[in-house]
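Residue-level structural notes
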Amino acid sequence: MSDDLSAVANFLYEAGTLKQTKRTGWWMAGVRDPESVAEHSWRTSLIASIIAKLEGADPARAALLAVWHDTGETRTGDVNHLGKKYTDGEAEPRVIAADQVADMPEALAQAVTDLIGEYEARESPEAVCARDADKLECMIQGIEYRAQGYENAQRWIDNSRGRIVTKSGQALADTVLETGSLDWLRAALGETKR
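The structure reproduced in this document is the subject of the present report. (Residues numbered from 1 in each chain as written. Predicted model: local features only at pLDDT ≥ 70, side-chain atom pairs only at ≥ 80, totals over all residues. Heavy atoms only, no water.)

Here the focus is the layout of surface pockets. In this structure, the largest pocket encloses a volume near 1,100 Å³. Lining the largest pocket are 40 residues, with Val 79, Asn 80, His 81, Lys 84 and Lys 135 sitting closest to its centre. Mapped by element, the contributors of at least two residues to the lining of the largest pocket are helix H2 (25–28), helix H5 (73–76), helix H6 (81–84), helix H7 (93–100), helix H8 (106–121), helix H9 (125–147) and helix H10 (154–162). (1 Å grid on protein atoms, 1.4 Å probe; cavity = no way out; pocket = protein on both sides within 12 Å on 5 of 7 lines; lining within 4 Å. Points joined across faces, edges and corners; volume = space filled by probe spheres on them. Helix = DSSP H or I, 4+ residues; strand = E, 2+ residues; numbered from the N terminus.)

Next up on the list: the packing of helix H4 (residues 59–68) against H9. Interaxial distance between H4 and H9 falls to 8 Å at its minimum, and their mutual angle equals 55 degrees. Comparing the axis directions of H4 and H9 gives the class oblique. The hand of the H4/H9 crossing is right-handed. Counting all contacts with H4, which are made through Arg 61, Ala 62, Leu 65 and Ala 66, the residues of H9 involved are Glu 126, Ala 127, Cys 129 and Ala 130. (Axes fitted to C-alpha atoms, helices over the stretch in contact; angles between N-to-C directions. Parallel < 35°, antiparallel > 145°, perpendicular 65-115°, else oblique. Left-handed = near helix turned anticlockwise from the far one by under 90°. Contact = heavy atoms within 4.5 Å.)

Even without a glycine there, the phi angle at Arg 122 is positive, about 55 degrees. Tracing the backbone shows Arg 122 in the loop between H8 and H9. Its relative accessible area of 35% is what places Arg 122 among the partly exposed residues. (Buried < 20%, exposed > 50% of the residue type's maximum accessible area, 1.4 Å probe, protein only.)

Further remarks concern helix H1 (residues 6–16). Among the residues of H1, those classed as buried are Ala 7, Val 8, Phe 11 and Glu 14. Down the axis of H1, the sector holding all buried residues measures 115 degrees, keeping them to one side. Facing away from the buried side of H1 by over 90 degrees, the exposed positions are Leu 12 and Tyr 13. Of the surrounding elements, those touching the buried residues of H1 are H4, H5, H7 and H8. (Arc of directions from axis to C-beta.)

See the structure below:
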């Protein structure tokens, strides 16, 4: 391994920009201060580990794929679904990842590009679980925004639910839809469900 880790340090600073990069699709639903890409990726990785465990896949691998799945948005920003219609096709995540890691030690660069490639191919059970987690996280966020009065979030809830493919992901999504966004707090306080 190369002793020069400056490219890795640069990437870590670059990755930090995702903490300020807003998920732009929510603006169309009227959400004034939507979640950041980093916030989305964090919960997505938790959900991926849960779905993977339920599906008999590797939870750690699914979580790893999920935490890396939007790192290319440091370069492109979060382009919402409508915006992608007007670009020359979606920016290829594998190409972005290769650019991001070009000067890193070879083994590390290869590991990152392999992760992004696996997620994008959606062929491994872990990648399928991570993709479902991405959709389920969006659905949950939509439910939370709807509870805050953003009625237009329903479109994101419905679209996200319709894109979940694993049996465990679908079952979890249905349970989430039947659960109030503050039921966890009521349960923790020993209150009865409304």
